[in-house]
Number of protein chains: 2
Amino acid sequence: MRPPAAPKRVTLAQVAELAGVSVMTASYTYNRPGRVSEQARAKVLAAADRLGYAGPDPSARSLRRGSTRTLGVVLGEHLNYAFEDPQAASFLAGIAEVCAGRGYGMTILPVTGAADDAERIRTAAVDGFIVWTTSDDDPVLEAVRAMKRPAVVHGGPAVRGLALVGIDNRAAARAAGAVAFAGAERPAVLSFPLSRERISSVSSGTDPAGVLFPVTRERLEGYRQAAGAAGIAWADVLVAVCARNDAAEAEQVTATLLAAPEPPDAVAAMSDQLAAGVVRAAGAAGLLLPDDLAVTGWDDGAVAAELGLTTVAQSLRDQGTACAYLALGEKPVSTAAPWSVVRRGSTRH
Amino acid sequence: MRPPAAPKRVTLAQVAELAGVSVMTASYTYNRPGRVSEQARAKVLAAADRLGYAGPDPSARSLRRGSTRTLGVVLGEHLNYAFEDPQAASFLAGIAEVCAGRGYGMTILPVTGAADDAERIRTAAVDGFIVWTTSDDDPVLEAVRAMKRPAVVHGGPAVRGLALVGIDNRAAARAAGAVAFAGAERPAVLSFPLSRERISSVSSGTDPAGVLFPVTRERLEGYRQAAGAAGIAWADVLVAVCARNDAAEAEQVTATLLAAPEPPDAVAAMSDQLAAGVVRAAGAAGLLLPDDLAVTGWDDGAVAAELGLTTVAQSLRDQGTACAYLALGEKPVSTAAPWSVVRRGSTRH
DNA sequence: CTGTTAGCGCATTCAA
DNA sequence: TTGAATGCGCTAACAG
């Protein structure tokens, strides 16, 4: 069963005929109002109104001008996660702002990991692509590149032919880790998933090189460097993986860690959400921050300020706008986004 | 400055020529692979590969077949709010699921309240529209109707010619209010904004009829009926409006209410987020739930379960899928969505 | 200010 | 299984 046909369209030609003008005058009425006399304009609009003409057909228009005036945003994994992640929300809002200002649309291209992902990219009627951070081996990246349109990846991986927008995650993790691990003896990392399978796990001495998500990998590398600089062997650092970026799961995972014989005394978390879970678990265990347990988050969202979290500040919204400019084929202010460590009471001084 | 021209497109005709076949054989290779011989297919794909042909042009295809295979989702107010609202996220995920299954795209149409909103609707290359709940007087509704495509409004307002999906907010508020206000003497309502201006305020005996957002209006009406049934005059019921659907603001507003000489002993909130703020304010004031203060939320999100909130359960995700089916021109399972009151420890028994 | 011409790239006919 | 013709609805480019 095919999709129901669109209702019989009224065409510009019909409007023009009823108005007693040429098709071009009708077209100008919609596209270059200044070039049409007041009377002609009135006649065209009256005719359009009588016929119920809703304006030029977008597809025909796109074909004719060779541009759809729409940007495509590729969101991987489950859309649930994508939309529920407050940082992704800010990012999308940044894109939407630019689109709205330019009169552009914004098409969400959900990627499920199934075989038809590439197909969905190929059939997308968009002028440019923005890819939300994904894994090194995601075939969608090649599909996007094959479209030969302006395209940008947020976060990573870096792909030849595609622009890249994001912060230096390694440097930021190194800096945040330095604060988190200062004076600690048994630091731990609360990490995003290490593989597409999103498996929760706890291990130590985790080799970052095996991680396919570049953002996660670089942050692990940064934390490792920070541990080394603090005189702590990476092999002694626990890495606990949360399948979801979710305070509840982080709380549970942290509670388990804290119940161990030698519980961690510092946790560097890859998001404020995860850090919030750590804070809650610490409270439940009767620990005092930062002396019993130091905690750092990531993103400097509203939660971080509320909880007094030391965290990595970055603006996903600004990164979204930068991506949008690149996807429009314009030069953005910069592709290396700024970041900083915001120190609050959750870490030792 | 015009948008940068798309890169010179390789056309199907060029591919066909290089492959030594007709244009139609090339077209069939992409659209009806079964109708093309293995050799012809191979020749076409080889030629496409050599030329870097990325597949049929989506705009041309849409024009030809009269369908864009894309749904438009109209999101009002600030996109920040839209994306940050977890319920909106579920709703979008529900739509995205259906779109992904059908091979459809999903275009976000941000509506800013400016004059060009209608224009953005008119130029959207979509087969159907889904409008996220808005105010009675939103001009976007008329713009959508004028497109004469399948269209559905979520939540409200009801518009002739557009389908409507949502729960019976009045009945649900009456039921939730009955539980919230049971045994209470000074009930209050924590409400969404009453006007587009999103002004925070506290008043009593607020006339629901003046509220332009149908969802908010109907909930107020339901709460009023519940108050009446509990023997409490509506004029004695405080209605506190939060500008944002945000626990932090709700906490602050509630703290103010609780500091009054005759503080409320029951609060019916229009979302779990707002209710969470109430719970926090109550905790800070040293009040015990439900005896000192009864609280109800709305949506039965993760927060509600965590906090033991009595709340109105509904599935925004299912409502999203229902909207998607309607916008595709298919009949959904139902347009009147189910709801129920989930009783937990935050209300009196 | 208005009109004529031409064709964007493709897929639905219909014929071979 | 393949191909030729046709036009989807519109607007750039150029006359008048």
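Residues numbered from 1 in each chain as written. Chains lettered and ligands numbered in written order. Predicted model: local features only at pLDDT ≥ 70, side-chain atom pairs only at ≥ 80, totals over all residues. Heavy atoms only, no water.

Identification of chain A as Substrate-binding domain-containing protein from Streptacidiphilus jeojiensis is taken from an unreviewed UniProt entry.

> Account for the overall build of chain A, with residues named and values stated.
When helices and strands are tallied, chain A shows 14 helices and twelve strands. In terms of C-alpha radius of gyration, chain A reaches 26 Å, well past the compact-globule figure of 20 Å for 349 residues. Taking the principal axes of the C-alpha coordinates as reference, chain A spans close to 85 × 40 × 35 Å. At a minimum sequence separation of 6, the contacts of chain A that also span at least 24 residues come to 70%. For chain A, the accessible surface area stands at approximately 14800 Å², while carbon and sulfur atoms represent 53% of it. Side-chain charges of chain A comprise 34 positive and 36 negative groups, with the mean position of each set lying 14 Å from the other. (Helix = DSSP H or I, 4+ residues; strand = E, 2+ residues; numbered from the N terminus. Rg over C-alpha atoms; globule rule 2.2 N^0.38 Å. Contact = heavy atoms within 4.5 Å. Areas by Shrake-Rupley, 256 points an atom, 1.4 Å probe, with all protein chains shown as cover. Lys, Arg positive; Asp, Glu negative; His and termini not counted. Charge placed at Lys NZ, Arg CZ, Asp CG, Glu CD.)

> How would you summarise the sheet that holds strand E6 (residues 187-191) of chain B if you had to cite specific residues and measurements?
Residue and element names in this part refer to chain B. With mixed pairing, the five strands of this open sheet are ordered in space as E7-E8-E6-E9-E10. Looking at strand neighbours, the two that pair on one side only are strand E7 (201-204) and strand E10 (294-296), the edges of this open sheet. Neighbour-to-neighbour, the strand axes of this sheet turn through a mean angle of 15°, independent of strand direction. As judged from the four bridges shared by E7 and strand E8 (residues 238-241), these two strands associate in the antiparallel manner. Following the sheet pairing, Ser-201 is matched in E8 by Val-241. (Pairing = 2+ DSSP bridges. Axes fitted to C-alpha atoms, helices over the stretch in contact; angles between N-to-C directions.)

> Run through the protein's contact with DNA strand C, naming residues and quoting values.
Contacts to DNA strand C come from 26 residues, most closely from Thr-25 of chain A together with Leu-12, Met-24, Tyr-53 and Arg-64 of chain B. The sugar-phosphate backbone supplies 55% of the atoms of DNA strand C found within 4 Å of the protein. Within the contact set of DNA strand C, a base oxygen lies 3.4 Å away from a side-chain nitrogen or oxygen of Tyr-28 of chain A. Ser-27 of chain B places a polar side-chain atom, nitrogen or oxygen, 2.7 Å from a phosphate oxygen of DNA strand C. Secondary-structure elements contributing two or more residues to the surface near DNA strand C are helix H2 (23-31) and helix H4 (58-65) of chain A together with helix H2 (23-31) and helix H4 (58-65) of chain B. A per-element tally of the surface near DNA strand C places H2 of chain B first, with four residues. Its residues assigned to classes, the surface near DNA strand C comprises twelve nonpolar, seven polar and seven charged. (Near = heavy atom within 4 Å. Polar contact = N/O pair within 3.5 Å; in protein donor to acceptor, adjacent residues only side chain to side chain. Nonpolar A, V, L, I, M, F, W, Y, C, P; charged D, E, K, R; others polar.)

> With reference to specific residues and values, describe helix H6 (residues 86-102) of chain A.
Residues and elements named next belong to chain A. Taking 1.5 Å of rise per residue, the 17 residues of H6 would be expected to cover 24 Å, and the 25 Å separating its terminal C-alpha atoms lies within 8% of that figure. Of all 17 residues that make up H6, 13 are buried, and the element is covered over most of its length. The N-capping residue of H6, defined by a side-chain oxygen 2.8 Å from the backbone nitrogen of Gln-87, is Asp-85. With its phi angle positive at about 75°, Gly-103 sits one or two positions after the end of H6. (Expected span 1.5 Å × (residues − 1). Buried < 20%, exposed > 50% of the residue type's maximum accessible area, 1.4 Å probe, protein only.)

> Talk me through the sheet that holds strand E8 (residues 238-241) of chain A; I want residue IDs and the actual numbers.
Residue and element names in this part refer to chain A. Across the sheet, five strands lie side by side as E7-E8-E6-E9-E10; this open sheet has mixed pairing. The open sheet has two free edges, formed respectively by strand E7 (201-204) and strand E10 (294-296), since each of these has just one partner strand. Direction aside, neighbouring strands of the sheet carry axes that sit 15° apart on average. Sitting on the sheet, helix H11 (residues 247-259) is in contact with strand E6 (187-191), E7 and E8, with an inclination near 145° to E8.

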